[in-house]
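Here's the letter readout for the chains.
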Amino acid sequence: MEMTTKSRSKSSQQRVKKIISYVVMSIIGIVLLIPLLWMVFTSLKPMEEIVRYPPTFFPEEINLGNYLETINAFPFWQYAKNTLFITVLVVFGNVLSNSFIAYGFAKLAFPGKNLIFALVLSTMMIPGFVTMIPQYVLFSKIGWVGTYLPLIVPAFFGNAFNIFLMRQFYLSVNNELIEAAKIDGANHLYIWSHLMIPLTKPALITIAINSFNGAWNDFLGPLLYIQNQEKYTLQIGLQVFQNQSTTQWNYLMAGATLVLLPTILLFFLAQRYFIEGMDLTGGSKG
């Protein structure tokens with residue numbers, strides 16, 4: 001009887017702790033969502049309501065026409081097509097290169113493997129601003145400035161964190177599966193493409209999501225390398241639109257909402273794989 005009472009008391013305490021943790025996380029989530037909600041609500045207001053004092057959080061009058069006006073105010077669809085072109089190639093390059101390189105570090109034996117892998121990981125400590133000028137000089141000398149190549153080609157040469165992430169997943173795959181495939185006559189290229197990639201889908205989807213977000217929302221890269229207005233991305237287009245005249249905050253917020261919408265939808269559609277993919281232990285496979 002005493003053990004039952006203690007068990008119930010412990011269960012009740014765990015339930016209370018869980019409820020408190022959910023409440024705290026919900027409050028933090030709401031606070032973090034306030035800037036996003038402010039942007040969306042501002043995009044639905046007429047300009048007269050935006051400049052009114054004191055300001056209002058919820059729109060008194062919903063004006064969906066702001067979105068149509070924004071799309072027509074600058075070459076939105078042209079910039080969206082440019083951004084999508086860059087993003088798709090960057091995602092493809094990152095998924096392909098990082099999974100391929102990580103397979104070598106995880107499942108192949110070659111001299112100096114651990115040292116090379118340590119050097120690859122050490123590149124994460126180098127700030128991007130340090131390599132920005134040397135990269136620009138290099139791309140300028142080979143004639144890539146003014147094209148999309150500086151934004152796309154680096155994705156095909158791997159990323160230290162993504163390589164580390166994929167390597168952790170590959171290490172969790174039982175080597176007996178690879179040995180069995182070798183006995184059947186499969187080479188490493190076949191094993192990587194037909195065996196390892198299907199088993200590490202959460203990590204690949206995580207890399208794809210991060211790559212999509214990085215390429216879709218990239219502002220500095222296109223600002224440095226793209227000079228032709230017809231090749232602008234959405235991020236540059238919004239900045240140009242803001243600088244054209246007196247800022248119409250309702251139109252600008254509508255444009256920002258449209259630009260942000262694909263990344264939000266992608267995360268909600270693939271969040272289960274994203275959470276699994278960020279498990280750096282790689283889970284248990286094989």
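Keep in mind the model is a prediction, meaning the values are calculated, not measured.

**Q** Any chance you could explain the side chain of Lys 107 here in plain terms?
**A** By secondary structure assignment, the location of Lys 107 is in helix H4 (residues 76–107). Among buried Asp, Glu, Lys and Arg side chains, Lys 107 stands out as unpaired, with Glu 179 the closest opposite charge at 8.9 Å. A distance of 3.0 Å separates a polar atom in the side chain of Lys 107 from the backbone oxygen of Tyr 170. A distance of 2.8 Å separates a polar atom in the side chain of Lys 107 from the backbone oxygen of Val 173. Non-local contacts of Lys 107, meaning those with residues more than four positions away in its chain, are made with Tyr 170, Leu 171, Val 173, Asn 175, Ile 178 and Met 196.

**Q** Quick question: what am I supposed to make of the environment of Phe 139 here?
**A** Here Phe 139 lies in helix H6 (residues 128–141). Judged by its relative accessible area of 8%, Phe 139 is buried. Setting aside residues up to four positions removed in sequence, Phe 139 forms contacts with Trp 144, Val 145, Pro 150, Pro 154 and Tyr 225.

**Q** When you look at the packing of aromatic side chains in this model, what are you seeing that I'm missing?
**A** Throughout the structure, instances matching the rule amount to 20 aromatic pairs. Between Phe 85 and Tyr 148 the ring centres are 5.9 Å apart and the planes differ by 50°, which places this aromatic pair in the tilted class. With Phe 85 in helix H4 and Tyr 148 in the loop between H6 and helix H7 (149–152), this pair connects stretches of sequence that are 63 residues apart. With 5.0 Å between their ring centres and 80° between their planes, Phe 100 and Trp 192 make a pair best called edge-to-face. Note that Phe 100 is positioned in helix H4 and Trp 192 in helix H10 (residues 188–199), a separation of 92 residues in sequence. Grouping aromatic residues by their ring pairs yields a cluster made of Phe 74, Phe 76, Trp 77, Tyr 79, Tyr 232 and Phe 241. Directly above the ring of Phe 117 sits Arg 167, whose terminal nitrogen or CZ lies 4.2 Å from the centroid.

**Q** Help me out: how do you make sense of the packing of H4 against helix H5 (residues 113–122) in this one?
**A** Two numbers describe a pair of packed helices, the interaxial angle and the distance between the axes. Following both chains from N to C, one finds H4 and H5 inclined at 140°, their axes separated by 10 Å at the closest point. One way to sum up the angle between H4 and H5 is to call them oblique. Crossing hand, H4 versus H5: left-handed. For the pair formed by H4 and H5, the contact residues are Gly 104, Phe 105 and Ala 106 on the first element and Lys 113, Ile 116, Phe 117 and Val 120 on the second. Here the contact of H4 with H5 is composed, by residue class, of 5 nonpolar, 1 polar and 1 charged.

**Q** I would appreciate a short explanation of the pattern of salt bridges in the present structure.
**A** Once their charged atoms are close, side chains differing in charge can pair, the charge on each being opposite to the other. Applying the stated rule across the entire model yields 1 salt bridge. Here Arg 52 makes a salt bridge to Glu 60, at a shortest N to O gap of 3.0 Å. The exposed category is assigned to Glu 60, whose relative accessible area is 56%.

**Q** It is not clear to me how unusual backbone geometry should be interpreted in this structure. Could you clarify?
**A** Cis geometry marks the peptide bond from Tyr 53 to Pro 54; its omega dihedral reads 0°. Tracing the backbone shows Pro 54 in the loop between helix H2 (47–50) and helix H3 (65–73).

**Q** Would you take a moment to explain H6 for this structure?
**A** Side chains that are three or four residues apart share a direction in an α-helix, a result of its 3.6 residues per turn. Its 14 residues give H6 an end-to-end C-alpha distance of 20 Å, which sits within 8% of 20 Å, the value for a rise of 1.5 Å per residue. For H6, the principal kink sits at Pro 134 and spans about 25°. Backbone geometry just downstream of H6 places Gly 143 in the positive-phi region, at approximately 80°.

The rules behind these values
- Residues numbered from 1 in each chain as written.
- Predicted model: local features only at pLDDT ≥ 70, side-chain atom pairs only at ≥ 80, totals over all residues.
- Heavy atoms only, no water.
- Helix = DSSP H or I, 4+ residues; strand = E, 2+ residues; numbered from the N terminus.
- Buried < 20%, exposed > 50% of the residue type's maximum accessible area, 1.4 Å probe, protein only.
- Lys, Arg positive; Asp, Glu negative; His and termini not counted.
- Salt bridge = Lys/Arg side-chain N within 4 Å of Asp/Glu carboxyl O.
- Polar contact = N/O pair within 3.5 Å; in protein donor to acceptor, adjacent residues only side chain to side chain.
- Contact = heavy atoms within 4.5 Å.
- Phe/Tyr/Trp six-rings, centres within 6.5 Å; stacked < 30°, edge-to-face > 60°.
- Lys NZ or Arg CZ within 6 Å of the ring centre and 35° of its normal.
- Axes fitted to C-alpha atoms, helices over the stretch in contact; angles between N-to-C directions.
- Parallel < 35°, antiparallel > 145°, perpendicular 65-115°, else oblique.
- Left-handed = near helix turned anticlockwise from the far one by under 90°.
- Nonpolar A, V, L, I, M, F, W, Y, C, P; charged D, E, K, R; others polar.
- Expected span 1.5 Å × (residues − 1).
- Bend = angle between axes of the 7 residues up to and from the residue.

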